[in-house]
Amino acid sequence: MIGLTENGAVTMKIDGKAMVPQLSSDGGVADDPLAPIHDQPEAPANAGMVSVKLIDKPQTLIVQEEEGIQLVYQSRDSRRNFMIFSSKTGPRWSGLEFSLLDGHARHMRAYGNRDWALTENLLHWFAYMGYTPEQMIDQLRDFEVIKNGPDEIVFKYTSNNANDGAQSEYEVSVLADAPAMQINVRATFTVLEQWPYKSVQFFDIFPFRGVEPKDWWYDKVLFMDNQYQWRTFETVSQSSGQAQYRNNFSGAA
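Throughout what follows, the structure given in this document is the object of discussion. As the structure is a computational prediction, the values presented were derived from the model and not from experiment.

## A closer look at the overall build of the protein chain
For step 1, the next point in the chain: Looking only at helices and strands, the protein chain features one helix and 17 strands.
For step 2, the next point in the chain: Considering only C-alpha atoms, the protein chain reaches an extent of 70 × 45 × 45 Å along its principal axes.
For step 3, the next point in the chain: Burial statistics for the protein chain: of 253 residues in total, 42% are counted as buried.
For step 4, the next point in the chain: A separation threshold of at least 6 residues defines the contact pool for the protein chain, and within that pool the share at least 24 residues apart is 53%.
For step 5, the next point in the chain: Roughly 14300 Å² of accessible area belongs to the protein chain as shown, and the carbon and sulfur atoms make up 52% of that amount.

Shown next as structure tokens:
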């Protein structure tokens, strides 16, 4: 199915039974062989696919664009990104990017905002301070879109480390009616053969590309300190006392 034009949900039903659409987009990037454009693809679905079993009688397939949420694959993205759009995001900036290449979620935004609030978040298990292919459980083994709108997105990402000694499974859900962009995660860690490390962690988030608060484009940062209390920092005022800021933030992490 091609020619989709909206940024909300895409629903497909065959004889009244809901199907899970597999949505894709060229990312809104021009396809010109004489002058290739290397901009980051980012656009809602303009094509959709669903598998239909042929039978010996007529079937009715109904495709509709409506209010809600969508998970769409960016077909020209080298990171193999899926992105989340909804009726609230608008057509230009997704609420979240998820890469099958490394299992990272990136550029999480408030709906409709150009600037993102969170730069990167790992959606897989990994050893504490890990960085080798054996310590990072980010080798894709399976990816399934369980639900794709209109009220909710659910997908499952399964990955192993390089020697298949351990497995990470994340089931991620995103609700269309949430007041802001949010993800709900169920994370499962399984030792398949061996895990020779004392610990394993499932969450590590990067608020911005750099560590200098004065360079961030938002004025305040919300974090939990080492006393488990929620606090905010004015990023501009912290630019002259960054050592203290880093210690507090590291303690929270």
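## A look at the sheet that holds strand S2 (residues 17-19)
For step 1, the next point in the chain: Strands sit in the order S2-S1-S5 across an open sheet of three strands; the sheet is antiparallel. Of all the strands in the sheet, just S2 and strand S5 (61-66) have a single pairing partner and so form its edges. Across this sheet, the average inter-strand angle for adjacent strands is 30 degrees, counted without regard to direction.
For step 2, the next point in the chain: In the sheet, strand S1 (residues 9-14) pairs with S2 via three bridges, with the strands oriented antiparallel. Counterpart to Lys-13 in the pairing with S2 is Ala-18.

## Section: the side chain of Asn-161
For step 1, the next point in the chain: Looking at where Asn-161 falls in the secondary structure, it is placed in the loop between strand S12 (152-160) and strand S13 (166-175).
For step 2, the next point in the chain: Under the relative-accessibility criterion, Asn-161 is labelled buried at 1%.
For step 3, the next point in the chain: Within the structure, Asn-161 has its side chain in polar contact with the backbone nitrogen of Ala-166 (distance 3.1 Å).
For step 4, the next point in the chain: Residues within four places of Asn-161 in sequence aside, it is in contact with Pro-133, Glu-134, Met-136, Ile-137, Gln-139, Arg-141, Ala-166 and Trp-195.

## Some thoughts on the sheet that holds S12
For step 1, the next point in the chain: Spatially, the four strands line up as an open sheet ordered S11-S12-S13-S14, and their pairing is antiparallel. Each end of this open sheet is capped by a strand with a single partner; those strands are strand S11 (139-148) and strand S14 (184-191). Adjacent strand axes in the sheet meet at a mean angle of 10 degrees, parallel and antiparallel pairs treated alike.
For step 2, the next point in the chain: Where S12 meets S13, nine bridges bridge the pair, whose relative direction is antiparallel.

## Quick look at the packing of aromatic side chains
For step 1, the next point in the chain: Counted according to the given criterion, the structure contains 10 aromatic pairs.
For step 2, the next point in the chain: Summarising the aromatic geometry, the rings of Phe-98 and Tyr-157 are spaced 5.1 Å apart at their centres and angled 80 degrees between planes, so their arrangement reads as edge-to-face. In this pair, Phe-98 is assigned in strand S8 (residues 96-99) and Tyr-157 in strand S12, connecting sequence segments 59 residues apart. The residues Phe-98 and Tyr-157 share a single accessibility class, namely buried.
For step 3, the next point in the chain: With a centroid separation of 5.5 Å and 45 degrees between ring planes, the pair formed by Trp-125 and Phe-189 is classed as tilted. With Trp-125 in the loop between strand S10 (118-122) and S11 and Phe-189 in strand S14, this pair connects stretches of sequence that are 64 residues apart.
For step 4, the next point in the chain: Using a relative accessible area of 24% as the deciding quantity, one classes Phe-189 as partly exposed.

## Focus: the environment of Ile-137
For step 1, the next point in the chain: For Ile-137, the position within the fold is in the loop between S10 and S11.
For step 2, the next point in the chain: You can call Ile-137 buried: its relative accessible area is 0%.
For step 3, the next point in the chain: Here the alpha-carbon distance between Ile-137 and Ser-51, two residues 86 residues apart in the chain, equals 31 Å.
For step 4, the next point in the chain: When near neighbours in sequence (up to four residues on either side) are disregarded, Ile-137 contacts His-124, Trp-125, Ser-159, Asn-160, Asn-161, Ala-166, Gln-167, Ser-168, Phe-189 and Trp-195.

Cut-off values and rules
Residues numbered from 1 in each chain as written. Predicted model: local features only at pLDDT ≥ 70, side-chain atom pairs only at ≥ 80, totals over all residues. Heavy atoms only, no water. Helix = DSSP H or I, 4+ residues; strand = E, 2+ residues; numbered from the N terminus. Buried < 20%, exposed > 50% of the residue type's maximum accessible area, 1.4 Å probe, protein only. Contact = heavy atoms within 4.5 Å. Areas by Shrake-Rupley, 256 points an atom, 1.4 Å probe, with all protein chains shown as cover. Pairing = 2+ DSSP bridges. Axes fitted to C-alpha atoms, helices over the stretch in contact; angles between N-to-C directions. Polar contact = N/O pair within 3.5 Å; in protein donor to acceptor, adjacent residues only side chain to side chain. Phe/Tyr/Trp six-rings, centres within 6.5 Å; stacked < 30°, edge-to-face > 60°.

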